[in-house]
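Next come the chains, spelled out residue by residue.
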Amino acid sequence: MADYRDAPLASRPKTLDPAEYFAVSPAKRKAEEERAAIRAQLKRQFQLQLNDPRRVTTIEDPALTRWTYARVSNVYPTFRPTPKNSLLGAVCGIAPLLFWYFVFKTDRDRKEKLIQEGTIERPFQLSS
Amino acid sequence: MLKILIPTLMLFPTTWITTPKWLWTTMTAQALAIATASLTLLNWDSETGWTSTNPYLGTDPLSTPLLVLTCWLLPLMILASQNHISPEPINRQRTYITLLVSLQLFLIMAFGATEIILFYIMFETTLIPTLIIITRWGNQTERLNAGTYFLFYTLAGSLPLLVALLILQKEMGSLSMLIIQYMQPAPLCTWADKIWWAACLIAFLVKMPLYGVHLWLPKAHVEAPVAGSMVLAAVLLKLGGYGMMRMIIMLEPASKNLAYPFIILALWGIIMTGSICLRQTDLKSLIAYSSVSHMGLVVAGILIQTPWSFTGAIILMIAHGLASSALFCLANTNYERLHSRTLLLARGMQAILPLMAAWWFIANLANLALPPLPNLMGELIIITSMFNWSSWTIILTGTGTLITASYSLYMYLMTQRGPVTTLITAIEPSHTREHLLMALHLIPIIMLTLKPELMWGWCF
């Protein structure tokens, strides 16, 4: 490749680093080639399906299917109670119920006490 | 009532005798005729409110809007099912329609019942056709699980109700709603009385559903075929609301203290289920959780028992029935084309199907309670009466409204806007039948804005 020199204030990006291309170990290079071959196969399958004139269905994406399955149908089997998620459940699921019970009960009891004493102020004439 | 019941009964022979070529047209036409005839029930001319020609079946301003909604929904269900059922053999199609019609019959008798026992029997009977529709015609393997959850949650809730009704019959001598509204409220002080109070309401709370016992709803709604989802969302949930409104009148004065846990569950449920909507992968699951959220508001309104809150509850039930059913039909139009309910898969549909995008828009606006639609009116009346009950509820209901708006917007933006997915290249154009279906859902909502007296019930 052309002989790029580093700019004085900017470092060379990783893709232009000669070590990336010329100092790669054979094992790493072989692994990269295998991965590229798999990618090329997947792209080929997609292009074949995309340009098939007789296709009427949508192209199925197996990654999307796996992701949807995991998010929708595989939640409980992969759940394990941990301290963090038990705390989350208690904070979001149980504590608010108790909190709001006390808030409403106190507010309503205060209003009931005012009504019993007769000192409640009803500035507006509203049905409810 | 007979002018509704006899044609509904005659839908059964029509299903089995019509030639296959005319089956769907005939069924839709007869169901529409029944729906039009049911509109005459809206003419309440009695001072007592109840319009009944016999002691067993009658209508009053609470049950009439729900009856009309039920009758209106049957032609819509038949229209929606036409496409996905058509590959099946003709007798199976007839069986499917028979199930829908029998569900309709039981629902009409449930809403028209004047005896609470008849209402209870019909409440249970509606479970059977719905179970068969979900487990036989659903699309995924999870439908069996969904049917089990649906059946057993509702049954477990309603068996205590049977015991409670028998106790009530023994105490009062009669279970007719016409009589019970005049009875003396019993002092409910012992523990057994409190359990009786809970037993009366648990069945309806499970059906509504209340937040803690709502697990059956997303499963059942997602796995059901479109007609099953429509009837579940629009009518069967409202059976719970209707039952609660009938029963709660005679459960005073214990309700003042015993209702707190349920009101709090309902209000917190609005926020929790609304937040879950924002994280859903599955479109129908999102709509199902939004149903739970709206019904949470209805449950809270019914449990505080003021005239305004009852009115708001009825208005929201009717408006939500139509809007939610419309959203399920829209989700089905996506599903029939792509065979997938994943939100990420069907994006940018506005570029492909612009007219359907208009219906998506209106349905989502109805769901997020846009003024002047009755969805907003119902929500606003409930929120106002809850504010009067206790000022602090405004925090929960206001946050709930905000979250509702955000997930409705999310649903609209994910399905309609954005780049079209590359995986989709061949989408059928929208059928006229689908446009008709959406119009028949959304035009009544818009028209009800102009005459809400039809929905207000008897408290206004």
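Residues numbered from 1 in each chain as written. Chains lettered and ligands numbered in written order. Predicted model: local features only at pLDDT ≥ 70, side-chain atom pairs only at ≥ 80, totals over all residues. Heavy atoms only, no water.

### Remarks on the overall build of chain B
Along the backbone of chain B there are 20 helices and two strands. Taking 2.2 N^0.38 as the reference for a compact globule, 460 residues should give roughly 23 Å; the C-alpha atoms of chain B span a radius of gyration of 21 Å, in line with that estimate. Judged by the C-alpha coordinates and their principal axes, chain B covers about 65 × 55 × 40 Å. Looking at chain B as a whole, 62% of its 460 residues are labelled buried. In chain B, the proportion of contacts linking residues at least 24 apart, taken out of those at least 6 apart, comes to 83%. Accessible area for chain B stands at about 16400 Å²; split by element, carbon and sulfur atoms hold 70% of it. (Helix = DSSP H or I, 4+ residues; strand = E, 2+ residues; numbered from the N terminus. Rg over C-alpha atoms; globule rule 2.2 N^0.38 Å. Buried < 20%, exposed > 50% of the residue type's maximum accessible area, 1.4 Å probe, protein only. Contact = heavy atoms within 4.5 Å. Areas by Shrake-Rupley, 256 points an atom, 1.4 Å probe, with all protein chains shown as cover.)

### Some details on the overall build of chain A
Across its full length, chain A carries four helices and zero strands. From first element to last, N terminus to C terminus, chain A shows the α and β order α-α-α-α. The C-alpha atoms of chain A give a radius of gyration of 33 Å, which is well past the 14 Å a tight globule of 128 residues would have. Expressed along its principal axes, the backbone C-alpha trace of chain A runs to roughly 90 × 55 × 35 Å. If you sum the accessible surface of chain A, you get close to 11400 Å²; carbon and sulfur atoms cover 61% of it.

### Notes on the side chain of B:Gln30
Residue and element names in this part refer to chain B. By secondary structure assignment, the location of Gln30 is in helix H2 (residues 23-38). Engagement of the side chain of Gln30 in a polar contact is seen with the side chain of Thr14, the distance being 3.0 Å. Those residues in contact with Gln30, other than ones at most four positions away along the chain, are Pro7, Met10, Leu11 and Thr14. (Polar contact = N/O pair within 3.5 Å; in protein donor to acceptor, adjacent residues only side chain to side chain.)

### Details of the interface of chain A and chain B
Contacts between the two partners involve 27 residues from chain A and, on the opposite side, 34 residues from chain B. Run the count over chain A and chain B and you get zero salt bridges. Mapped onto the side of chain A that touches chain B, the elements with two or more residues apiece are helix H2 (26-50), helix H3 (62-72) and helix H4 (83-117) of chain A. If you tally residues by element for the side of chain A that touches chain B, the top one is H4(A), at 11 residues. (Salt bridge = Lys/Arg side-chain N within 4 Å of Asp/Glu carboxyl O.)

### A short note on the UniProt feature "transmembrane region" (unreviewed entry) in chain A
Per the UniProt record, "transmembrane region" (unreviewed entry) is found at residues 86-104 of chain A. End C-alpha atoms of residues 86-104 of chain A are separated by 26 Å, and the span's content is 100% helix alongside 0% strand. (UniProt positions renumbered as here; feature names shortened; annotations may be inferred.)

### Digging into the nonpolar core
The biggest cluster of nonpolar side chains holds 169 residues, and the ones touching the most others in it are A:Phe104, B:Phe119 and B:Ile263. Take this core: its biggest share by element is 16 residues, from helix H15 (residues 307-338) of chain B. Both domain 1 (1-42 + 54-252) and domain 2 (263-459) of chain B contribute no fewer than three residues apiece to this core. Filtering out sequence-adjacent residues up to four positions away, A:Phe104 remains in contact with B:Tyr260, B:Ile264, B:Leu267, B:Trp389, B:Ser390, B:Trp392, B:Thr393 and B:Leu396. (Core = buried A, V, L, I, M, F, W, Y, C linked by side-chain atoms within 4.5 Å. Domains from an automatic or database assignment.)

### A closer look at the pattern of salt bridges
Applying the stated criterion across every chain, the model contains 12 salt bridges over all chains. Between A:Arg110 and A:Asp107 there is a salt bridge, and its shortest N-O distance comes to 2.6 Å. One end of the pair is A:Arg110 and the other is A:Asp107, both in helix H4 and three residues apart, which spans about a single turn. Its relative accessible area of 5% is what places A:Asp107 among the buried residues. Linking B:Arg337 and B:Glu434 is a salt bridge whose minimum nitrogen-to-oxygen distance equals 3.0 Å. Within this pair, whereas B:Arg337 is found in helix H15, its partner B:Glu434 is found in helix H20 (residues 432-450), the two being separated by 97 residues in sequence. Given a relative accessible area of 3%, B:Glu434 falls into the buried group. Taken together, the shared-partner salt bridges in this structure form one network comprising B:Glu336, B:Arg337, B:Arg433 and B:Glu434.

### Describing the domain arrangement of chain B
All names here are of chain B. Splitting chain B by domain gives domain 1 (1-42 + 54-252) and domain 2 (263-459). One C-alpha centre belongs to domain 1, the other to domain 2, and the line joining them spans 21 Å. Listed as interface residues are 45 residues of domain 1 and, on the opposing side, 45 residues of domain 2. For the pairing of domain 1 and domain 2, the buried interface totals around 4000 Å² over both sides, and the portion due to carbon and sulfur atoms is 76%. Counting every contact that joins domain 1 to domain 2 gives zero salt bridges. Counting every contact that joins domain 1 to domain 2 gives seven residue pairs in polar contact (both at pLDDT 80 or more). Elements with a minimum of two residues in the side of domain 1 that touches domain 2: helix H3 (63-85), helix H9 (191-207), helix H10 (216-223) and helix H11 (226-247). Of the residues in the side of domain 1 that touches domain 2, the class split is 32 nonpolar, 10 polar and three charged. (Buried area = accessible area lost by both parts, 1.4 Å probe. Nonpolar A, V, L, I, M, F, W, Y, C, P; charged D, E, K, R; others polar.)

### Description of the packing of aromatic side chains
Under the defined criterion, the tally for this structure stands at 16 aromatic pairs over all chains. Their ring planes at 70° and their centres at 5.6 Å tell us that A:Tyr101 and A:Phe102 sit as a pair that is edge-to-face. What makes A:Phe102 exposed here is its relative accessible area of 54%. Plain terms: the ring middles of B:Phe150 and B:Trp216 are 5.5 Å apart, the flat faces sit at 50° to each other, and that makes the pair tilted. Of the two residues, B:Phe150 sits in helix H7 (residues 143-172) while B:Trp216 sits in helix H10, which places them 66 residues apart along the sequence. Under the relative-accessibility criterion, B:Phe150 is labelled buried at 0%. Counting every residue linked through ring pairs, the aromatic cluster contains A:Phe99, A:Trp100, A:Tyr101, A:Phe102, A:Phe104, B:Tyr260 and B:Trp389. Note that B:Arg136 overlies the ring of B:Trp137, its terminal NZ or CZ placed 4.9 Å from the centroid. For B:Lys207, the ring lying beneath its charged end belongs to B:Phe123, and the centroid distance is 5.4 Å. (Phe/Tyr/Trp six-rings, centres within 6.5 Å; stacked < 30°, edge-to-face > 60°. Lys NZ or Arg CZ within 6 Å of the ring centre and 35° of its normal.)

### A closer look at the packing of H3(B) against H11(B)
All names here are of chain B. Packing of H3 against H11 brings their axes to within 8 Å, and their N-to-C directions diverge by 165°. Judged by the angle between their axes, H3 and H11 are roughly antiparallel. For the element pair H3 and H11, the recorded crossing hand is left-handed. Where H3 approaches H11, its residues Ser63, Leu66, Leu69, Thr70, Leu73, Leu76, Met77, Ala80, Ser81 and His84 are matched on the opposing element by Val226, Ala227, Met230, Val231, Ala234, Val235, Lys238, Tyr242 and Arg246. (Axes fitted to C-alpha atoms, helices over the stretch in contact; angles between N-to-C directions. Parallel < 35°, antiparallel > 145°, perpendicular 65-115°, else oblique. Left-handed = near helix turned anticlockwise from the far one by under 90°.)

### Here's the deal with the packing of helix H13 (residues 260-277) of chain B against helix H19 (residues 393-416) of chain B
Residue and element names in this part refer to chain B. For the pair H13 and H19, the least separation of the axes is 9 Å and the interaxial angle reads 20°. Classified by the angle their axes make, H13 and H19 are roughly parallel. Once H13 is placed against H19, the crossing between them reads as left-handed. The segment H13 lies against H19, with Leu267, Trp268, Ile270, Ile271, Gly274, Ser275 and Cys277 engaging Thr393, Leu396, Thr397, Thr399, Gly400, Ile403, Tyr407 and Tyr410. Partitioning the contact of H13 with H19 into residue classes produces nine nonpolar, six polar and no charged.

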